[in-house]
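Listed below, chain by chain, are the residues.
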Amino acid sequence: MKKNKILLTVIFIVTISISSFAQGGGIWNFTWNMGFPVGESSDFITQSSFRGFEIDGRGFVTDNLTVGGTAAWQVFYENFGWVTEDINETTTINGYKRRYMNVVPLMVNAHYYFYPGMLMPYVGIGLGTYYIETRDFLGIYYVREDAWHFGLAPEVGLTVPFGSSNAAFTVNVKYNWAAKTKDTKAQSWIGVGVGFSYVF
Amino acid sequence: MKRLFFNLSIALLAIAGGVILHGCYPNDAISVSETDIVLTGYYDSVDFKTLSTYYLPDTVFPVRDDTTDKSPVPNSDLIISEIAKNMEAYGYTRVYYSDTVTKEPDLMMAVAAITVTTVSVGWWYPYYPGWGWGWGWYKKAPRETKYWYGGYPGYYPPGWGWGGVPYYSTYTTGTLLMEMTNPVDYRVIDNDTVVPLYWAGGLNGVLSSGSNTSRITGDIDQAFTQSPYLKTN
């Protein structure tokens, strides 16, 4: 049921982004995302994620400034193997441990493009929410936590058009920060996205 | 027109991306032996070094709804002998029923086994990567009846594509409980006689249709390995 909601929200955001391109042109970015956990996230999972995908739609509101929206999905996973842990001073448990963290960032963003000729570097920030679900497995049993976190994602990137066509290559680095909620911890990771853009 | 077509393909790409990524999800298939959990706990006011003898029954007690079912627990002898082996390694002496009349053992051990069968129901849609999962959890210990639970049929009603093909899968988990008490250490609380558990160990795992013996012995050994405070030697 949760996945249904996420899918609908992704479609919603994409549609909103489309409608913001009344005039002035814009950029669509499609990137494959990597995630490198830092801070409290690296206490939970240390391994990098290479399972991430993002769609980002931006419209130029001035010559250099864009406003848009983004939807993405990132999966973090680590297999810890056999562990023996103390639950408390007198209780110990042994089992086969794995952890998952599933993240869906949904954000609006604004970016400033510098226009020196063939390259289009930019800086910007996204603001929105991260839906994060964590699962801590031992054998067939797991502890699951999920929450919608407020989030910020400052970003720098580069879009390089292929000659005079509308297509471009794009790369970005983003610091993803999801705030802590009443019941769950904050999460943060560095995202690196590589992909293609459509500039119009 | 071109713009509309383009925008529509963006929306489809978003959906496609989600579906493809679902396929990329880390495959977490684990083997049956990787489902094993060993949990131990103890009463920290006890100094186990002062204890030396224990009583262990010669069969494992099956916990069953149907109390007329007197069939033995599979691998009962192996379980008892493995526990006895570990206790001896930790410096304990086993006393038998005929001896208990003259010398009361310091510890009484009870060993019980329970099996639980879980049935899950899902619908498989041929064109879609199986999001229509209906998990049917029903734990009914310990009779091995297959209980049918109608889980929800996923997103698409029958008639989209072909309509779904239901499938069932079951698995049985086995739990072994080992408990240690001191027969002379009891308290009366609110007119109830309460005996504190000095030590408890539990093993749980999905039973394989083949042999489970190496897992049983390995997990019993692990329960004692993670309880070094039991040592008297």
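About the cut-offs
- Residues numbered from 1 in each chain as written.
- Chains lettered and ligands numbered in written order.
- Predicted model: local features only at pLDDT ≥ 70, side-chain atom pairs only at ≥ 80, totals over all residues.
- Helix = DSSP H or I, 4+ residues; strand = E, 2+ residues; numbered from the N terminus.
- Buried ≥ 20, exposed ≤ 12 C-beta atoms within 10 Å, placed from the backbone.
- Contact = placed C-beta atoms within 7 Å.
- Expected span 1.5 Å × (residues − 1).
- Pairing = 2+ DSSP bridges.
- Axes fitted to C-alpha atoms, helices over the stretch in contact; angles between N-to-C directions.
- Parallel < 35°, antiparallel > 145°, perpendicular 65-115°, else oblique.
- Left-handed = near helix turned anticlockwise from the far one by under 90°.
- Nonpolar A, V, L, I, M, F, W, Y, C, P; charged D, E, K, R; others polar.
- pLDDT = per-residue confidence, 0-100.
- Core = buried A, V, L, I, M, F, W, Y, C linked by C-beta atoms within 7 Å.

## So, the overall build of chain B
Right, so step 1: Counting secondary structure elements, chain B contains 4 helices and 10 strands.
Right, so step 2: Each helix and strand of chain B, ordered N terminal to C terminal, gives the series α-β-β-β-α-β-α-β-β-β-β-β-β-α.
Right, so step 3: Burial analysis of chain B (233 residues in total) assigns 21% to the buried set.
Right, so step 4: Within chain B, counting contacts between residues at least 6 apart in sequence, those at least 24 apart form 74% of the total.

## Examining helix α2 (residues 76–89) of chain B
Right, so step 1: In this model α2 of chain B runs 20 Å from its N-terminal to its C-terminal C-alpha over 14 residues, within 8% of the 20 Å that 1.5 Å per residue would give.
Right, so step 2: Trailing α2 of chain B by a residue or two, Gly91 of chain B shows a phi angle of about 95°, which is positive.

## Remarks on the pairing of strand β1 (residues 26–38) of chain A
All names here are of chain A.
Right, so step 1: Sheet topology note: the β1/strand β2 (residues 51–60) ladder contains 7 bridges and is antiparallel. Opposite Trp28, over in β2, you have Gly57 as the bridge partner.
Right, so step 2: Bridge count between β1 and strand β8 (residues 187–199): 12 bridges; the pairing is antiparallel. Across the sheet, residue Phe36 finds its bridge partner in β8, namely Ile190.

## Quick look at the environment of Tyr167 of chain B
Right, so step 1: Relative to the elements of secondary structure, Tyr167 of chain B occurs in strand β7 (residues 165–181).
Right, so step 2: For the pair Tyr167 of chain B and Gly122 of chain B, spaced 45 residues apart in sequence, the C-alpha separation works out to 5.5 Å.

## Quick word on the packing of α2 of chain B against helix α4 (residues 213–225) of chain B
Residue and element names in this part refer to chain B.
Right, so step 1: Two elements in contact, α2 and α4, have axes whose closest approach is 10 Å; the angle formed by their N-to-C orientations is 30°. It follows that α2 is roughly parallel to α4 by the angle criterion. Pair α2 / α4 crosses with right-handed handedness. Residue-level contacts link Leu78, Ile79, Glu82, Ile83 and Asn86 of α2 to Thr213, Ile216, Thr217, Ile220, Asp221 and Phe224 of α4.
Right, so step 2: A class-by-class count of the residues in the contact of α2 with α4 yields 6 nonpolar, 3 polar and 2 charged.

## A short note on the confidence of the model for chain B
Residue and element names in this part refer to chain B.
Right, so step 1: Chain-level statistics for chain B give a pLDDT mean of 77 and a share of 71% at 70 or above.
Right, so step 2: Every residue in residues 127–162 is under pLDDT 50, and counting partners more than four places away or in other chains gives 73 contacts.
Right, so step 3: Model confidence for the complex is summarised by a pTM of 0.75, with the ipTM given as 0.73.

## Observations concerning the nonpolar core
Right, so step 1: Counting residues in hydrophobic clusters, the biggest one holds 26 residues, and the most contacted among them are Ile79, Ile83, Met109, Val111, Met178, Ile220 and Ala223 of chain B.
Right, so step 2: Those elements giving two or more residues to this core turn out to be β1 (37–42), α2, β5 (107–124), β7, β10 (197–206) and α4 of chain B.
Right, so step 3: In this structure, Phe53, Tyr100, Val103 and Ala178 of chain A belong to the second largest nonpolar core, which totals 18 residues.

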